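Each chain, letter by letter, is given below.
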Amino acid sequence: MSYSQAPELAERVEAGELPPVEERVGEDPLVIEPIDSIGTYGGELRFGLRGSSDQNHILRMVGHQGLVRWDPTYTEIIPNLASSYEVSNGGRDFTFDLRRGVRWSDGELFNVEDVAFNVEDLMLNEAFAPVQTRYTLNGDPVAFEVVDEDTVRFSFDEPNGDFLAVLAAPTGQHPVLYSKHYCSQFHPDYNENVDQLIEEAGAPDWQTLFLQNCGDTEVATRWANPDRPTLDTWVITEPYTGGATRVVLERNPYFWQVDTEGNQLPYLDRLTASVSQDVESLILAAIAGKIDFGLRHLDTPANRPVLAQNREQGDYRMFAAIVSGFNQMMIDLNLTSKDPELREVFNEKDFRIALSLGINRQQIIDTVLLGEGDPWQQGPFEPENPYYNEKLATQYIEYDPERANALLDELGLERGPDGIRLLPSGKPLAFQIDAIPTYRADWVDMLELVRQQWAEIGVDMSVNPVERTYFYERTSNSNEHDAAVWVGGAAWIPGSDPHQIIPVNHDARWAIGWRDWYLSDGAEGMEPPESVKARFRLYDEARGATDPEERLAIAREAADIAAEEFEVFGIAKAMPTYGIVKNDLGNVPEEMLNWWDLATPTQANPQTWYWKD
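Parameters and conventions
- Residues numbered from 1 in each chain as written.
- Predicted model: local features only at pLDDT ≥ 70, side-chain atom pairs only at ≥ 80, totals over all residues.
- Heavy atoms only, no water.
- Pairing = 2+ DSSP bridges.
- Helix = DSSP H or I, 4+ residues; strand = E, 2+ residues; numbered from the N terminus.
- Contact = heavy atoms within 4.5 Å.
- Axes fitted to C-alpha atoms, helices over the stretch in contact; angles between N-to-C directions.
- Buried < 20%, exposed > 50% of the residue type's maximum accessible area, 1.4 Å probe, protein only.
- Arc of directions from axis to C-beta.
- Polar contact = N/O pair within 3.5 Å; in protein donor to acceptor, adjacent residues only side chain to side chain.
- Salt bridge = Lys/Arg side-chain N within 4 Å of Asp/Glu carboxyl O.
- Core = buried A, V, L, I, M, F, W, Y, C linked by side-chain atoms within 4.5 Å.
- Parallel < 35°, antiparallel > 145°, perpendicular 65-115°, else oblique.
- Left-handed = near helix turned anticlockwise from the far one by under 90°.
- Expected span 1.5 Å × (residues − 1).
- Phe/Tyr/Trp six-rings, centres within 6.5 Å; stacked < 30°, edge-to-face > 60°.
- Lys NZ or Arg CZ within 6 Å of the ring centre and 35° of its normal.
- 1 Å grid on protein atoms, 1.4 Å probe; cavity = no way out; pocket = protein on both sides within 12 Å on 5 of 7 lines; lining within 4 Å.
- Points joined across faces, edges and corners; volume = space filled by probe spheres on them.
- Nonpolar A, V, L, I, M, F, W, Y, C, P; charged D, E, K, R; others polar.

Asks: Mind showing me how you'd approach the sheet that holds strand 19 (residues 460-465) here?
Replies: Backbone-to-backbone hydrogen bonds pair the strands of a sheet. The strands run either parallel or antiparallel. Here five strands make up an open sheet; going across it, the order is 19-18-20-17-21 and the pairing mixed. With one partner strand each, in any of the chains shown, strand 19 and strand 21 (569-570) form the two edges of the open sheet. Here five bridges tie strand 17 (residues 327-333) to strand 20 (residues 483-488), and the two strands are oriented antiparallel to one another. By the bridge assignment for strand 20, Leu 333 is matched with Ala 483. Sheet contacts for helix 17 (residues 441-455): strand 17, strand 18 (430-435), strand 19, strand 20 and strand 21; angle to strand 19, the most-contacted strand, approximately 165 degrees.

Asks: Would you explain helix 8 (residues 206-214) in this entry?
Replies: In an α-helix, one turn spans 3.6 residues; hence positions three or four apart end up facing the same way. Considered for burial, the residues of helix 8 that qualify are Trp 206, Gln 207, Leu 209, Phe 210, Asn 213 and Cys 214. Buried residues along helix 8 cover an arc of 160 degrees about the axis, so they all sit on one side. In the core, the buried residues of helix 8 are packed alongside helix 4 (112-123), helix 6 (180-183) and helix 7 (194-201). Its side-chain oxygen at 3.4 Å from the backbone nitrogen of Gln 207, Asp 205 defines the N-terminal cap of helix 8. A positive phi of about 70 degrees marks Gly 215, the residue just after helix 8.

Asks: What exactly am I supposed to notice about the pattern of salt bridges here?
Replies: Once the charged atoms of two side chains with opposite charge are near each other, the side chains can pair. A complete count under the given rule lists 26 salt bridges for this structure. Two residues, Glu 480 and Lys 338, come together in a salt bridge whose shortest N-O distance is 2.9 Å. Of the two residues, Glu 480 sits in the loop between helix 18 (468-477) and strand 20 while Lys 338 sits in the loop between strand 17 and helix 12 (340-346), which places them 142 residues apart along the sequence. What makes Glu 480 partly exposed here is its relative accessible area of 43%. Relative accessible area serves as the criterion here: at 47%, Lys 338 is assigned to the partly exposed category. For Glu 341, the salt bridge goes to Lys 427, with nearest N and O atoms at 3.9 Å. In this pair, Glu 341 sits in helix 12 while Lys 427 sits in the loop between helix 16 (401-410) and strand 18, placing the two residues 86 residues apart along the sequence. Judged by its relative accessible area of 43%, Lys 427 falls in the partly exposed class. Here the residues in one salt-bridge network are Glu 8, Arg 251 and Asp 269, joined through shared partners.

Asks: Please clarify how the pairing of strand 2 (residues 44-50) should be interpreted in this entry.
Replies: Working note: regular strand, side chains alternate between the two faces of the sheet. Of all seven residues in strand 2, five are buried, a share of seventy percent or more. In terms of strand pairing, strand 2 meets strand 14 (residues 270-276) through seven bridges, oriented parallel. When the sheet's bridge partners are listed, Phe 47 is paired in strand 14 with Ala 273.

Asks: Looking at this model, I keep getting lost on the environment of Asn 347. Mind explaining?
Replies: Structurally, the position occupied by Asn 347 is in the loop between helix 12 and helix 13 (349-357). You can call Asn 347 partly exposed: its relative accessible area is 32%. A distance of 2.8 Å separates a polar atom in the side chain of Asn 347 from the backbone oxygen of Leu 335.

Asks: Whenever I open this one, the sheet that holds strand 14 confuses me. Can you help?
Replies: The four strands lie next to each other as 2-14-12-11, forming an open sheet whose pairing is mixed. What marks the edges here is a single partner per strand, and that holds for strand 2 and strand 11 (234-238). Across this sheet, the average inter-strand angle for adjacent strands is 25 degrees, counted without regard to direction. Each of strand 2, strand 11, strand 12 (246-251) and strand 14 is contacted by helix 3 (residues 55-62), which is oriented at about 155 degrees to strand 2, the strand it contacts most. Those strands touched by helix 9 (residues 279-287) are strand 2 and strand 14, and its axis lies near 160 degrees from that of strand 2.

Asks: What is the right way to read the nonpolar core from this model?
Replies: Where a protein is soluble and globular, its nonpolar side chains tend to be buried together. In terms of nonpolar packing, the biggest core is built from 124 residues, with Phe 96, Phe 154, Ile 331, Phe 431 and Trp 454 touching the most fellow members. For this core, the leading source of residues is helix 21 (residues 548-565), giving seven residues. Those residues in contact with Phe 431 that sit more than four places away from it in its chain are Leu 333, Leu 342, Phe 346, Leu 355, Trp 454, Val 459, Asp 460, Met 461, Ser 462 and Asp 482. One finds Ile 236, Ala 273, Val 275 and Leu 295 within the second-largest nonpolar core, a separate group that totals 28 residues.

Asks: Help me understand unusual backbone geometry, please; the structure alone is not making it clear to me.
Replies: For residues other than glycine, phi is negative in most cases, and the peptide bonds are mostly trans. Cis geometry is adopted by the peptide bond preceding Pro 266, which originates at Leu 265 and carries an omega value of 5 degrees. Along the chain, Pro 266 falls in the loop between strand 13 (257-259) and strand 14. With omega at 15 degrees, the peptide bond leading from Thr 600 into Pro 601 counts as cis. Considering the arrangement of structural elements, one finds Pro 601 in the loop between strand 24 (591-593) and strand 25 (610-611). One non-glycine residue with positive phi stands out, namely His 297, at about 80 degrees. Tracing the backbone shows His 297 in the loop between strand 15 (293-294) and helix 10 (304-309). With a relative accessible area of 7%, His 297 lands in the buried category. Positive phi values are uncommon outside glycine, yet Asn 587 reaches one of about 70 degrees. You can see Asn 587 is positioned in the loop between strand 23 (585-586) and strand 24.

Asks: So what exactly am I meant to see when it comes to the packing of helix 7 against helix 8 here?
Replies: For any two helices packed against each other, one specifies the inter-axial angle together with the distance between the axes. One way to put it is that helix 7 packs onto helix 8 with a least axis distance of 10 Å and a crossing angle of 70 degrees. Classified by the angle between their axes, helix 7 and helix 8 sit roughly perpendicular to one another. The two elements helix 7 and helix 8 cross, and the hand of that crossing is left-handed. Only Trp 206, Leu 209 and Gln 212 of helix 8 make contact with helix 7, whose side of the interface consists of Val 194, Leu 197, Ile 198 and Ala 201.

Asks: Sorry, what's going on with helix 17 here?
Replies: Counted at 1.5 Å a residue, the expected span for helix 17 with its 15 residues is 21 Å, and the 22 Å between its end C-alpha atoms agrees. Where helix 17 is concerned, the buried positions are Asp 442, Trp 443, Met 446, Leu 447, Leu 449, Val 450, Gln 453 and Trp 454. Taken down its axis, helix 17 places every buried residue within 160 degrees of arc, on the same side.

Asks: Even after reading the chapter, I still don't get the packing of aromatic side chains, so can you show me in this structure?
Replies: Ring pairs (aromatic) are described by centroid distance and by the angle formed between their planes. Using the criterion set out here, one finds 35 aromatic pairs in the structure. Over the aromatic face of Tyr 439 sits the side chain of Arg 468, whose NZ or CZ is 4.7 Å from the ring centroid. One Lys or Arg, Lys 573, reaches over the ring of Trp 376 and ends 4.5 Å from the middle of that ring.

Asks: Whenever I open this one, empty space enclosed by the protein confuses me. Can you help?
Replies: In this approach, a probe sized like a water molecule rolls over the atoms, and the result shows the empty space that is left. Tallied over the entire structure, the rule returns four cavities of 30 Å³ or more. Contributing to the lining of the largest cavity are 17 residues, with His 64, Arg 69, Trp 70, Thr 602 and Gln 603 lying nearest its centre. Considered class by class, the residues forming the lining of the largest cavity number five nonpolar, 10 polar and two charged. Each pocket or cavity is described by its volume, and for the second largest cavity that value is around 80 Å³. Gln 65, Trp 104, Gln 173, Val 176, Leu 177, Arg 222, Arg 228, Thr 230, Leu 231 and Asp 232 together form the lining of the second largest cavity.

The following block contains the structure:
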């Protein structure tokens, strides 16, 4: 195959600023087939960021580049930075041949030394950070070896059926995230003068210094340092910092992907994102034609009518963002709350049932979701889905305040003079639910109706809207919350953590203390009840299962236990949402799966999008 490049890069080659395109794409570039047609070079794509903590929106637009990736249909894991891979030894060994000639955005070669640096000096280095569970199995971290100058191998003591899916997710980039030649300067094993850099940066330690300069998969500093080499499609030129009003990413001249005719990708010169402080500003920008692609933040039911009505003015069309099995909002009472009285009452199953029965879901659907959706707890919608669990999905979704009151009475939660029920200490039964209004604006509206409905059964709930970073700190990190809300996942998909069924990651806000116990092998957190321990064992078994039917059987057993315990509850089926795309932007599909593990629209290959005119 002969290769072509963007005109601006050809000019830089002519001027001696860049090597020829054949050298820049490598010996074995990844070939991407555009969805409709071969594109043309040039232009920028504009999208909108919401505030200073919207770093994952940049990740979704730029795309994540791991050793492997999901295909656009989310059915097969295919090579990416690895040109090929082999699973052997009964699902214990994972061998990857690296794509030859790939270069970092500064022109330095990407090789096995980079992978070794990422894995040995960072991923598995307890001095840097605790080893993440995605890179462990049954508490034991993955073993790593460099096989030869182009090949690396990851090995586990037991079969690990989820490992490829872990690496294909946006959070699975760690083996290839950092360039050794640049990021090693912030590591004490490679720079004896790192203390001087720490002092100059005002950082408390080298670990913080490293993250400030090289970032991590989901932190804002990943997009704050234009000097950091990457393997991404576009690279930061105007960084995402606390005071930024605009973020710009320019074409990576060393990007290692081409189309089927040998044209180096991407087609678009740059991505430009304006930083808005509220969703209303993003809507106005879209209507004014200043957003070329939008999905995140725009796709609420309340925004749909105004965006649909202004398609001609904004010169955009709407596409379908498909979901299957999400819940619009899950309510997680903190069963490991630091408040002993709340913890005791939250752990009463009948209390949770009463609160669920005290929610008028249809009223919420009609009022906030504009009549779209059905009452739902959690799990896949379709009975033919292998992960469907009718009990988990549909129990206690009816509105029955009479039965809710009876259950609360039987628990001895008597009403005080103002009608609010009292805890055993005599204090009112009152708690907060944390939510991020900038992430899902409809959450606060739904919770306000829940607050009114629960007041009728004598429960005093208040809504606590907080900024996203603080939300994570209060809930996932510090376990300071009474309760919190989040979206409900579709199913126990390979590589995903079923956090509403088993508390294994930071989104399991119903049991952070039990999560900490599991992750620390009992050294930290709170010891969970036997039903949760049983699910932890099943989770470990399922991660090791290489037979899909065996894995499915284990997942069903865990779901049955979760259905019996009824620890979390939802509001309504998440609706298929939508996005907007400029009419003249080519190779954008009319519908796409909207799922975090795909980092939508990554699977739609934005590197192949182009302006037709």
